[in-house]
Amino acid sequence: MKKKPIILGIESSCDETAVSIIQENNKGQPSILSNIVSSQVDVHKKFGGVVPELAARSHIEKIDLIAKKAIKESKIKLQDIDAIAATA
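Residues numbered from 1 in each chain as written. Predicted model: local features only at pLDDT ≥ 70, side-chain atom pairs only at ≥ 80, totals over all residues. Heavy atoms only, no water.

Undergrad: Please provide a residue-by-residue account of the pattern of salt bridges, values included.
TA: Taken as a whole and judged by the stated rule, the model has 4 salt bridges. Between Asp82 and Lys3 there is a salt bridge, and its shortest N-O distance comes to 2.5 Å. One end of the pair, Asp82, is in the loop between α2 (52–74) and β4 (83–86); the other, Lys3, is in the segment before β1 (6–11), and 79 residues separate them in sequence. Exposure remark for Asp82: the relative accessible area of 47% places this residue in the partly exposed category. Of the charged contacts, one joins Glu53 and Arg57 as a salt bridge, the two residues approaching to 3.0 Å between their closest N and O atoms. Here Glu53 and its partner Arg57 are both found in helix α2, 4 residues apart, which amounts to about one turn of the helix. (Salt bridge = Lys/Arg side-chain N within 4 Å of Asp/Glu carboxyl O. Helix = DSSP H or I, 4+ residues; strand = E, 2+ residues; numbered from the N terminus. Buried < 20%, exposed > 50% of the residue type's maximum accessible area, 1.4 Å probe, protein only.)

Here is the structure:
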């Protein structure tokens, strides 16, 4: 049986930084191996909305930690990842 690709997804478009790892299951549906989200709600609350400069800075500060945590939680190795998808 052919190995199903493992995909790492990164979302950092607004006020959350998130990393998920998915792989297709035997039924052909995506299976979530891990999903880690870091919310910025508390950072932006006092401003009444998202402040882009603060959001960008928070993404930079959190992305490495979140990605490492997602990989660990998924029980895969970095070299097992076949593709990366990210917001732009």
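On we go.
Undergrad: Lay out the pairing of strand β2 (residues 16–24) with the relevant residues and their values.
TA: As paired elements, β1 and β2 share 6 bridges and run antiparallel to each other. Within β2, the position partnered with Leu8 by the bridge is Ile21. Between β1 and β2, which pair antiparallel in sequence order, lie 4 residues. Pairing between β2 and strand β3 (residues 30–39): 9 bridges, direction antiparallel. When the bridges of β3 are listed, Glu24 appears paired with Pro30. Hairpin remark: β2 followed by β3, antiparallel, with 5 residues in the connecting loop; positive phi at Gly28, about 80°. (Pairing = 2+ DSSP bridges.)

Undergrad: Describe the nonpolar core, listing the residues and the values that go with them.
TA: With 11 residues, the main nonpolar core is built from Ile6, Leu8, Val19, Ile21, Ile36, Ile66, Ala67, Ala70, Ile71, Ile76 and Ile81. Those elements giving two or more residues to this core turn out to be β1, β2 and α2. Take this core: its biggest share by element is 4 residues, from α2. Once you skip the residues sitting within four places of it in the chain, Ile6 turns out to touch Ile21, Ile22, Gln23, Ile76, Asp80, Ile81, Asp82 and Ala83. (Core = buried A, V, L, I, M, F, W, Y, C linked by side-chain atoms within 4.5 Å. Contact = heavy atoms within 4.5 Å.)

Undergrad: Please set out the sheet that holds β1 residue by residue, giving values where relevant.
TA: On the basis of which strands lie adjacent, the open sheet formed by 4 strands has the order β3-β2-β1-β4 and mixed pairing. The strands lining the two open edges of the sheet, one partner per strand, are β3 and β4. Across the sheet, the mean angle separating the axes of adjacent strands is 15° when strand polarity is ignored. Taken strand by strand, α2 contacts β1, β2 and β3, and its axis lies near 25° from that of β2. (Axes fitted to C-alpha atoms, helices over the stretch in contact; angles between N-to-C directions.)

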